[in-house]
Amino acid sequence: MAPSLFDNVIKWVRAGYPEGVPASDYPPLLALLTPVLSETEITDIVLTLALEHGADTPASPERIRDAIHAVTETAPSEDETRQVAARLAAAGWPLTDHVIVAE
């Protein structure tokens with residue numbers, strides 16, 4: 001992933017969720033990320049965010065990948081996705097039909 005895209009995604013999520021991403025918002029957040037980022041890129045982002053918000057024992061990349069698979073097996077509702085997209089768009093997330101526009 002280009003450093004600028006990684007940095008931008010982290011920046012948008014930090015701004016949209018200054019207290020950390022609640023568990024209920026991970027499914028729509030992952031749904032927004034999966035069309036444009038690889039599994040490895042998403043794992044790196046989730047790991048970075050988990051470390052920032054005081055995860056007592058940071059999960060390994062393997063555990064994060066397993067969690068991503070578990071979360072993405074069931075698609076979030078359109079309302080959930082819109083809610084998360086709106087929160088991130090307010091933080092500057094460039095969305096077109098809920099997809100990140102690479103800058």
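A.B. asks: Quick rundown of the overall build of the protein chain? Include the residues and the values.
C.D. replies: Along its length, the protein chain carries five helices and two strands. Ordered by position in the sequence, the α and β elements of the protein chain form the string α-α-α-α-α-β-β. The buried share among the 103 residues of the protein chain stands at 34%. Taken as a whole, the protein chain presents about 5800 Å² of accessible surface, with 53% of it coming from carbon and sulfur.

A.B. asks: Can you lay out the pattern of salt bridges for me, pointing to particular residues and giving the numbers?
C.D. replies: Under the criterion given, the structure shown has four salt bridges. As a salt-bridge pair, Arg65 and Glu39 come within 4.0 Å of each other at their nearest N and O atoms. In this pair, Arg65 is assigned in helix α4 (residues 61-72) and Glu39 in helix α3 (residues 39-52), connecting sequence segments 26 residues apart. Residue classification places Arg65 among the partly exposed positions, given a relative accessible area of 25%. Of the residues examined, Glu39 reaches a relative accessible area of 35% and is grouped as partly exposed. The partner of Glu78 in a salt bridge is Arg82, with the nearest N and O atoms 3.5 Å apart. Of this pair, Glu78 and Arg82 both sit in helix α5 (residues 78-90), four residues apart, roughly one helical turn. The exposure class assigned to Glu78 is partly exposed, which follows from its relative accessible area of 41%. Taken together, the salt bridges that share partners define one network made up of Glu39, Glu62 and Arg65.

A.B. asks: I'd like to hear about the packing of α3 against α4, residue by residue, with values.
C.D. replies: Two numbers describe how α3 lies on α4: the axes approach to 9 Å, and their chain directions differ by 110°. As far as their axial angle goes, α4 and α3 are roughly perpendicular. Residues Glu39, Ile42, Thr43, Val46 and Leu47 of α3 touch α4, and the partners they reach there are Pro61, Ile64, Arg65, Ile68 and His69. Considering only residue class, the contact of α3 with α4 consists of six nonpolar, two polar and two charged.

A.B. asks: Any chance you could break down the packing of aromatic side chains for me, citing the residues and the numbers?
C.D. replies: A ring pair, where both rings are aromatic, is described by two values, the distance of the centres and the angle of the planes. By the definition in use, this model includes one aromatic pair. Between Trp12 and Trp93, the ring centres sit 5.4 Å apart and the planes meet at 55°, which makes this aromatic pair tilted. Taken together, the residues Trp12 in helix α1 (residues 3-16) and Trp93 in the loop between α5 and β1 (95-96) connect sequence positions 81 residues apart. The burial state of Trp12 is the same as that of Trp93; both residues are buried.

Conventions we followed
Each chain carries its own residue numbering, running from 1 in the direction its sequence is written. Whole-chain, interface and lining totals are the exception, using all residues; otherwise, since this is a predicted model, local features are given only for residues with pLDDT of at least 70 and side-chain atom pairs are given and counted only at 80 or more. Based on all heavy atoms of the structure, the side-chain values leave hydrogens and waters out of the count. Here a strand is any run of E in DSSP of at least two residues, a helix any run of H or I of at least four, and the numbering for each starts at the N terminus. Only protein chains enter the accessibility calculation, which uses a 1.4 Å probe. A residue is then buried if its area is under 20% of the maximum for its type, exposed if over 50%, and partly exposed in between. The Shrake-Rupley method, run with a 1.4 Å probe sphere, supplies the accessible areas, and residue values consider only the shown protein chains as cover. Here, a salt bridge means any Lys or Arg side-chain nitrogen found within 4 Å of an Asp or Glu carboxyl oxygen. To get an axis, a line is fitted to the C-alpha atoms, and for a helix only the part in contact is used. The angle between two axes follows their N-to-C directions and goes from 0 to 180 degrees. Throughout, the term roughly parallel applies to angles under 35 degrees, roughly antiparallel to angles over 145, roughly perpendicular to angles from 65 to 115, and oblique to all others. The criterion used for residue contact is that any of the two residues' heavy atoms lie within 4.5 Å. Gly is put with the polar residues, along with every residue not named as nonpolar or charged; the nonpolar set is Ala, Val, Leu, Ile, Met, Phe, Trp, Tyr, Cys and Pro, and the charged set is Asp, Glu, Lys and Arg. Aromatic pairs are defined between Phe, Tyr and Trp rings, using the six-membered ring for Trp, whenever the two ring centres lie within 6.5 Å; interplanar angles under 30 degrees are classed as stacked, those over 60 as edge-to-face, and all others as tilted.

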